[in-house]
Amino acid sequence: MDGFNGSFSTGITFAKTPKFNNSFNGNYRKGKFNIFATLGNNIGDYQNGGDIFVDQDQSKQNLKIKSSNRSEFFKIGTDFYINDKNTLSVYTNQAFGNNDFNINNMLYFPNTAQNYFQNDEYDSKNKDSVYNLAYKKLFKKEGETLDFEATYNNSKGDQNSYFYPNGINTNQHDVTDAKDNSSVINLDYVNPLSEKSKLELGAEARITRTDNDYATNRAGIENAGFTYDFDIYSAYATFGQKFTKFSYQLGARVESYQVKANYTTTTQTGKFENDYITVYPSAYLNYSLNEKNIFNLSLSRRVDRPSIQQTKPIPSF
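Residues numbered from 1 in each chain as written. Predicted model: local features only at pLDDT ≥ 70, side-chain atom pairs only at ≥ 80, totals over all residues. Heavy atoms only, no water.

### Let's talk about a nonpolar patch on the surface
A contiguous nonpolar surface patch, about 660 Å² in accessible area, is contributed by F243, F246, L285, Y287, L289, F295 and L297. Elements supplying a minimum of two residues to the nonpolar patch: strand 12 (269–290) and strand 13 (293–300). Tallying contributions element by element places strand 12 first for the nonpolar patch, with three residues. Secondary-structure assignment places L297 in strand 13. (Patch = residues over 30% accessible without salt bridge, like charges linked within 9 Å, V, L, I, M, F, W, Y side chains within 5 Å. Areas by Shrake-Rupley, 256 points an atom, 1.4 Å probe, with all protein chains shown as cover. Salt bridge = Lys/Arg side-chain N within 4 Å of Asp/Glu carboxyl O. Helix = DSSP H or I, 4+ residues; strand = E, 2+ residues; numbered from the N terminus.)

### A short note on unusual backbone geometry
Excluding glycine, most residues fall at negative phi; most peptide bonds, likewise, are trans. Look at Q58: it is not a glycine, yet its phi comes out positive at around 60°. Note that Q58 resides in the loop between strand 3 (33–54) and strand 4 (59–83). Positive phi values are uncommon outside glycine, yet N171 reaches one of about 65°. If you trace the backbone, N171 turns up in the loop between strand 7 (145–165) and strand 8 (172–191). Here N171 falls in the exposed class, since its relative accessible area comes to 56%. (Buried < 20%, exposed > 50% of the residue type's maximum accessible area, 1.4 Å probe, protein only.)

### Quick notes on the packing of aromatic side chains
Taken as a whole, this structure holds eleven aromatic pairs when the rule is applied. Taking the centre distance of 6.4 Å and the plane angle of 70° together, the rings of F226 and Y263 count as edge-to-face. Placement of F226 in strand 10 (residues 224–242) and of Y263 in strand 11 (residues 246–265) is noted, with a sequence separation of 37 residues between them. A relative accessible area of 5% places F226 in the buried class. (Phe/Tyr/Trp six-rings, centres within 6.5 Å; stacked < 30°, edge-to-face > 60°.)

### Let's talk about the pairing of strand 2 (residues 19–30)
Across eleven bridges, strand 1 (residues 3–13) lies against strand 2 in antiparallel orientation. Along strand 2, the bridge assignment pairs S9 with S23. Where strand 1 folds back onto strand 2 in an antiparallel hairpin, the turn is made up of five residues. Sheet topology places strand 2 next to strand 3; twelve bridges connect them, and they run antiparallel. Across the sheet, K19 pairs through a bridge with G44, a residue of strand 3. With antiparallel pairing between neighbouring strands as the criterion, strand 2 and strand 3 make up a hairpin whose turn holds two residues, including G31 at a positive phi of roughly 65°. (Pairing = 2+ DSSP bridges.)

### So, the pairing of strand 11
As judged from the 19 bridges shared by strand 10 and strand 11, these two strands associate in the antiparallel manner. When the bridges of strand 11 are listed, G225 appears paired with T264. Here strand 10 folds back onto strand 11, and the loop between the two strands holds three residues. The antiparallel hairpin formed by strand 11 and strand 12 contains three residues in its connecting segment.

### With respect to the pattern of salt bridges
Enumeration over the complete set of coordinates arrives at eight salt bridges. Across the salt bridge formed by D147 and K136, the nearest N and O atoms sit 3.1 Å from each other. Pair noted here: D147 is in strand 7 and K136 is in strand 6 (residues 116–138), with a separation of eleven residues, a long-range link. Overall, the relative accessible area of 25% leaves D147 in the partly exposed class. Taking the relative accessible area as the measure of exposure, K136 reaches 35% and is therefore partly exposed. The partner of E255 in a salt bridge is R253, and the shortest N-O contact between them spans 3.3 Å. Since its relative accessible area comes to 27%, R253 is described here as partly exposed. If you follow the salt bridges from partner to partner, you end up with R253, E255 and R305 in one network.

### Quick word on the environment of E200
Looking at the secondary structure, you find E200 in strand 9 (residues 197–216). Overall, E200 belongs to the buried group, its relative accessible area being 19%. Spatially, the C-alpha atom of E200 lies 5.6 Å from that of A237, the residues being 37 residues apart in sequence. Apart from the residues lying within four places of it in its own chain, the contact partners of E200 are Y189, V190, Y236, A237, T238 and Q249. (Contact = heavy atoms within 4.5 Å.)

What follows is the structure in structure tokens.
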């Protein structure tokens, strides 16, 4: 509908400390253009803690964690309705975060002379930027569509850590810096060949680059650098048919996966590389016994890879 639409919401959560959140959503459409925007923020303090008892040495560890979190974000974009069959859309997401952690870590032993106390402070700042372009085309044949989408994501985060053993400032300090860049490009085509059959084709490229640095002045711990880059190129095809009570869909995705990782410290270097092509087939069968009972049988091959955070040998809290 033409005109302006919008909504605003605000909330507060009460626990040991209050948390606040606010958001605004709005869009304005006039003729061939629709402009939309979202603004929001979250503010709050959090308290966590726990106890750990080790039976072997009869020690007890007490943790008290306090954190102050603040984040702001906005999304703005537009849809351009070229005509009834073609639509172009662009948007960007921008998010900013600040997190401050304070950890009190106390260790108690039967021999009180071994008791140990440490206070840690972590100051983190993050920025995430997303840029998206999408194009949709409708053909004369009902149900025939072509979709193109490209997304670029840039993330930056740094953390400063300070350690006070037994409450004493000994100038122990860590600095971590992380940069992640990723691009995803998709092309999808759907063609209903007849009333009973449909063909789907698609291709995708995923390109990711990460760079991480870790520096410390603590004794016995080395500075480190870590890069983790991977490219995934894939194409898929599926074909399905429907009959009176029976339907099926057969498909396969061919994927090329390439990864390179490098880990360096003051005294060592480690590398990892992998490059392979895999086919992931899938099959779906459906049988309608009657209006209230349907049998489904599916078989597919999938892959579950670790996230970038799971691969990093660099510490972050």
